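# Inside the fold
The primary structure of each chain is shown beneath.
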Amino acid sequence: MGDMDLAFTPVPSGIGMAPMDVDREVASTEGLSAAQKAAIIVRMVKSGGGKLDLGSLSGIAQTKLAREYVELGRVEDDILDAVTHELEAQISRGGIDFPSTIASALDDLESQVDSELLQKLRDRYGVMVSQNPWPEVTEKTDEVLGALLINEHPTVIASILSKLPADKASSLIKILPDEASAAATFSISEVEFASTYTVDLIGSAILAGCPKPKVGAFDEEPVDIIAGILNASAASQRDAMLENLTEISAEFGALVREAIFTFADISLRLDVTAVPIIVRAVPNDDLITALAAAQVEMGHVVEFILENMSGRMADQLREEIADAGEIGEEAGEAAMMAVTKTIGLLKEQGELEYIARTPDDEEGEGEA
């Protein structure tokens, strides 16, 4: 439709543009610019309650259209008919044009196909994501970005710093070597007129270099999954499974063993400051039952807990343990697992930390 970078798509019926009578004589559109015709079409569609997506037009085209839209005033019916007739003639030529570049074609598929598949296609064709990369770049940690920027040219670093919030940029400057920080800071004055396209390519390249998030069906690592299963298993079953696992792979078995936390580990892998936290969090009945059941084979755990609380509370617990009498194996094991489960939750919440296991621990611990 002339000298304007515009492409129209068929307009659905019922939005204010009645089909033309092909035998009807219409006025000429001669003298109307492409921008004026476009503005007329946009207004006709809007008047009928419809909407056209003009965001894909170039900035120049959008500016021309907007200017004509506010200046046209009133357009008579014969001109409306003529513009509509010309549009219908263009549409009726048939055929369909696909995007002219791979990048724009893949952008068209955004939200239409699986995001992982789309990323694989972009990787295969070497296409950078065209949308604004900077919000995602900003979310990356200073350590991740710093490791990527340390070997970059100062102008590249300057471009990135210029697109980040001031506090984020300041944090990055602090962790970069002094020489790199100084050069990049000076280079900010040299990237003022860099194109948006170029700077966004830099942002996309930085994102591509960031460690990829784990994508899979399972949220936890295999070691943690197995450790969770073994923690919830009876002591005899856990020991047998761990022994078999270690025979298959001594290295993997050691990792699982390190991740497991049993009742016997309380005195070996917790600081004394953790005891009051545990005593407050574990239901009293479970604590009494677990301590009573552990007296014979894990007396060191019982004493570790009782010695690291107030004397009055320790005396009260000793009385309750004595009153509990002999505890059955099943009830005792269930109570111990309730205690270690609570300890695990406290660790996840950051209330306490485990102390690394030592070789001596392997020899000195009893069953849990």
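Look above for the structure.
The text that follows walks through the structure, step by step, so that each part is easy to find. (Residues numbered from 1 in each chain as written. Predicted model: local features only at pLDDT ≥ 70, side-chain atom pairs only at ≥ 80, totals over all residues. Heavy atoms only, no water.)

## Some details on the nonpolar core
If you look at the biggest cluster of nonpolar residues, it comprises 33 residues, and the most contacted ones within it are Phe263, Ile266, Leu270, Ile278, Ile305 and Ile343. Those elements giving two or more residues to this core turn out to be α16 (274-281), α17 (284-294), α18 (299-307), α19 (311-324) and α20 (329-348). When residues in this core are grouped by element, the largest group, 6 residues, is from α17. Listed in part, the 18 residues of the second largest apolar core include Ile157, Leu161, Ala169 and Val199. (Core = buried A, V, L, I, M, F, W, Y, C linked by side-chain atoms within 4.5 Å. Buried < 20%, exposed > 50% of the residue type's maximum accessible area, 1.4 Å probe, protein only. Helix = DSSP H or I, 4+ residues; strand = E, 2+ residues; numbered from the N terminus.)

## What about the packing of α17 against α20?
Contact geometry for α17 and α20: axes closest at 8 Å, N-to-C directions at 120°. Accordingly, the angle class assigned to the pair α17 and α20 is oblique. Crossing of α17 over α20 shows left-handed handedness. Contact residues: Asp286, Thr289, Ala290, Ala293 and Ala294 in α17; Ala331, Gly332, Ala335, Met336, Ala338 and Val339 in α20. The class makeup of the residues in the contact of α17 with α20 is 8 nonpolar, 2 polar and 1 charged. (Axes fitted to C-alpha atoms, helices over the stretch in contact; angles between N-to-C directions. Parallel < 35°, antiparallel > 145°, perpendicular 65-115°, else oblique. Left-handed = near helix turned anticlockwise from the far one by under 90°. Contact = heavy atoms within 4.5 Å. Nonpolar A, V, L, I, M, F, W, Y, C, P; charged D, E, K, R; others polar.)

## Quick look at a nonpolar patch on the surface
Taken together, the side chains of Ile225, Ile229 and Met241 define a hydrophobic patch exposed on the protein surface, amounting to about 230 Å² of accessible area. Looking at where Ile225 falls in the secondary structure, it is placed in helix α12 (residues 222-231). (Patch = residues over 30% accessible without salt bridge, like charges linked within 9 Å, V, L, I, M, F, W, Y side chains within 5 Å. Areas by Shrake-Rupley, 256 points an atom, 1.4 Å probe, with all protein chains shown as cover. Salt bridge = Lys/Arg side-chain N within 4 Å of Asp/Glu carboxyl O.)

## Some remarks on helix α13 (residues 235-248)
For α13, with 14 residues, the first-to-last C-alpha span of 20 Å sits near the 20 Å given by 1.5 Å per residue. What α13 keeps buried is the set Ala235, Arg238, Leu242 and Leu245. The buried residues of α13 occupy one face: seen down the axis, they fall within an arc of 95°. Along α13, exposed side chains directed more than 90 degrees from the buried face belong to Ser236, Glu247 and Ile248. Where the residues of α13 are buried, they touch α12, α14 (250-259) and α20. (Expected span 1.5 Å × (residues − 1). Arc of directions from axis to C-beta.)

## Comments concerning the pattern of salt bridges
In this structure the tally under the stated criterion is 6 salt bridges. For Arg74, the salt bridge is made with Glu76, and the minimal N-O distance between the two is 3.2 Å. By relative accessible area, which is 43% here, Glu76 ends up partly exposed. In the salt-bridge network here, residues are joined through shared partners; they are Glu303, Asp315 and Arg318.

## Considering the packing of α17 against α19
Axis separation between α17 and α19 bottoms out at 9 Å; the angle between their running directions is 70°. Judged by the angle between their axes, α17 and α19 are roughly perpendicular. Our pair here, α17 against α19, has a crossing hand that is right-handed. Residues Asn284, Leu287, Ile288, Leu291 and Ala292 of α17 touch α19, and the partners they reach there are Leu317, Glu320, Ile321 and Ala324. By residue class, the composition of the contact of α17 with α19 is 7 nonpolar, 1 polar and 1 charged.

## Here we look at the side chain of Arg238
Within the element layout of this structure, Arg238 appears in helix α13. For the buried Arg238, which has no salt bridge, the nearest side chain bearing the opposite charge is Asp239, at an N-O separation of 4.4 Å. Here the side chain of Arg238 touches Ser233 through a polar contact of 3.2 Å, landing on its backbone oxygen. (Lys, Arg positive; Asp, Glu negative; His and termini not counted. Polar contact = N/O pair within 3.5 Å; in protein donor to acceptor, adjacent residues only side chain to side chain.)

## A short note on α20
Across its 20 residues, α20 extends 29 Å between first and last C-alpha, which sits within 8% of the 28 Å expected from 1.5 Å per residue. Those residues of α20 that sit buried are Gly332, Glu333, Ala335, Met336, Val339, Thr340, Thr342, Ile343, Gly344 and Leu346. Those residues of α20 that are buried are in contact with α13, α15 (266-269), α16 and α17. Within two residues after α20, Gly350 carries a phi angle of roughly 80°, on the positive side.

## Some points on the packing of aromatic side chains
Under the defined criterion, the tally for this structure stands at 1 aromatic pair. Taking 4.5 Å as the distance between ring centres and 15° as the angle between the ring planes, the aromatic pair formed by Phe261 and Tyr354 counts as stacked. Residue Phe261 is found in the loop between α14 and α15, and its partner Tyr354 is found in the loop between α20 and α21 (359-364); the two are separated by 93 residues along the sequence. A cation sits over an aromatic face here: Lys347 above Tyr354, 5.1 Å from the ring centre. (Phe/Tyr/Trp six-rings, centres within 6.5 Å; stacked < 30°, edge-to-face > 60°. Lys NZ or Arg CZ within 6 Å of the ring centre and 35° of its normal.)

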